[in-house]
Amino acid sequence: MGCLVRRAEVAASLLSCDMGRLGDEAARLEQAGADRIHLDVMDGVFVPELTFGAGVARAVRARVTIPVEAHLMVSAPGTLAEGFVDAGCALVTIHAEAAPHLDRLLQRIRELGARAGAALNPATPACCIRWCVDCLDDVLVMTVNPGYGGQKHLDYVRPKIAEVRSILDRAGSTASVSVDGGVTADNARALRELGAGILIAGSFISRAGDPAAAIQSLR
């Protein structure tokens, strides 16, 4: 088990926010101390729900000074990635399960000028990133099955965080490890000790009476 070496970054997801005022919500989360704004992009095919397009990402980006990142939970990420880079997303994350040519698409995202990330569903093994480590800036370990906000954190997925961090370290990669799914103050320390550098939280922050306190508690 690793040690806590630096301040955790907190990415605040807009999934549980008021969808009618996303720009205001993003600005509120930035003011509360979030390091990033996280957009859960769903297509109603790869996951059941339908959420944001690149136009929303562009509008949110215009309201904040912190980075906006897009997590593409979609069946055809290759058709959408460029639009989210053009919209100003600093990091575009695609699912390994949805990208038959994962390394090629990761390289393309980088060529377009954004950082590239790969997301792994709970049942997807960590070893699938081994052959594209050189194309990665972030690996997102899902600790819920994607598609809905407010789900219960799956404790049994946690060992994958350490496994991913080990694969990256052995390859000499400086890519970060993000964790998304039921992240709260109760499990934040354990996730960081396993190697997570970025904690993604939605309902824990947006539904808190004091979002700033919620964000600080994750650190």
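As shown above, the structure is provided for reference.
Sequence positions are assigned chain by chain, starting from 1 and proceeding in written order. In keeping with the predicted nature of the model, local features appear solely for residues at pLDDT of at least 70, side-chain atom pairs appear and are counted solely at 80 or more, and the whole-chain, interface and lining totals rest on all residues. Water and hydrogen atoms were dropped before computing side-chain values, which therefore reflect all heavy atoms in the structure.

Asks: Please give an account of the pairing of strand E3 (residues 68–73) that cites residues and values.
Replies: Summary of the burial criterion: residues with accessible area below 20% of their type's maximum are buried, those above 50% are exposed, and those between are partly exposed, where the area comes from a 1.4 Å probe applied to protein chains only. Helix numbers and strand numbers start at the N terminus; a helix is a DSSP run of H or I with at least 4 residues, a strand a run of E with at least 2. Burial of E3 is extensive: 6 of the 6 residues sit out of reach of the surface. Residues Val 68, Ala 70 and Leu 72 of E3 are buried on one face, and the alternating residues Glu 69, His 71 and Met 73, pointing to the opposite face, are buried as well. Following the chain from strand E2 (residues 36–42) across helix H2 (residues 54–61) to the adjacent parallel E3, one finds a crossover that is right-handed. Two strands form a pair only when DSSP identifies at least two bridges running between them. Two elements, E3 and strand E4 (residues 91–95), share 4 bridges in a ladder whose sense is parallel. Within E4, the position partnered with His 71 by the bridge is Thr 93. If the strands point away from the viewer and the path from the first strand over the helix to the second runs clockwise, then the crossover is right-handed. On the question of chirality, the crossover connecting E3 to the parallel E4 by way of helix H3 (residues 81–86) is right-handed.

Asks: Can you break down the nonpolar core residue by residue, with the values?
Replies: Membership of the largest hydrophobic core comes to 65 residues, with the highest contact counts inside it found for Leu 14, Ile 37, Leu 72, Ile 109, Ile 129 and Val 164. Leave out the neighbours within four places in its chain, and Ile 37 touches Ala 12, Leu 14, Ala 26, Leu 29, Val 60, Val 64, Ile 66, Pro 67, Val 68 and Glu 69. Side-chain atoms within 4.5 Å link the members of a nonpolar core, which is a set of buried Ala, Val, Leu, Ile, Met, Phe, Trp, Tyr and Cys residues. Core analysis: the second largest hydrophobic core is formed by 7 residues, Ala 11, Leu 140, Val 144 and Ile 200 among them. Contacts are residue-level and defined by heavy atoms, with any inter-residue pair within 4.5 Å sufficient.

Asks: Let's hear about the pattern of salt bridges: which residues, and what values?
Replies: Take a side-chain nitrogen of Lys or Arg and a carboxyl oxygen of Asp or Glu: if they are within 4 Å of each other, that pair is a salt bridge. Enumeration according to the criterion identifies 12 salt bridges in this entry. A salt bridge links Asp 35 to Arg 219; its shortest N-O distance comes to 2.7 Å. Highlighted residues: Asp 35 in the loop between helix H1 (22–31) and E2 and Arg 219 in the segment after helix H8 (211–218), separated in sequence by 184 residues. The exposure class of Arg 219 is partly exposed, given its relative accessible area of 24%. Salt bridges sharing common partners tie together Arg 21, Asp 24, Glu 25, Arg 28 and Arg 63.

Asks: Which residues make up the pairing of strand E8 (residues 198–201), and what are the values?
Replies: The two faces of E8 match: Ile 198 and Ile 200 on one face and Leu 199 and Ala 201 on the other face are all buried. Where strand E7 (residues 176–180) meets E8, 3 bridges bridge the pair, whose relative direction is parallel. Directly across from Asp 180, in E8, lies its bridge partner Ile 200. After leaving E7, the chain enters helix H6 (residues 188–193) and then returns to the sheet as E8, a path that is right-handed.

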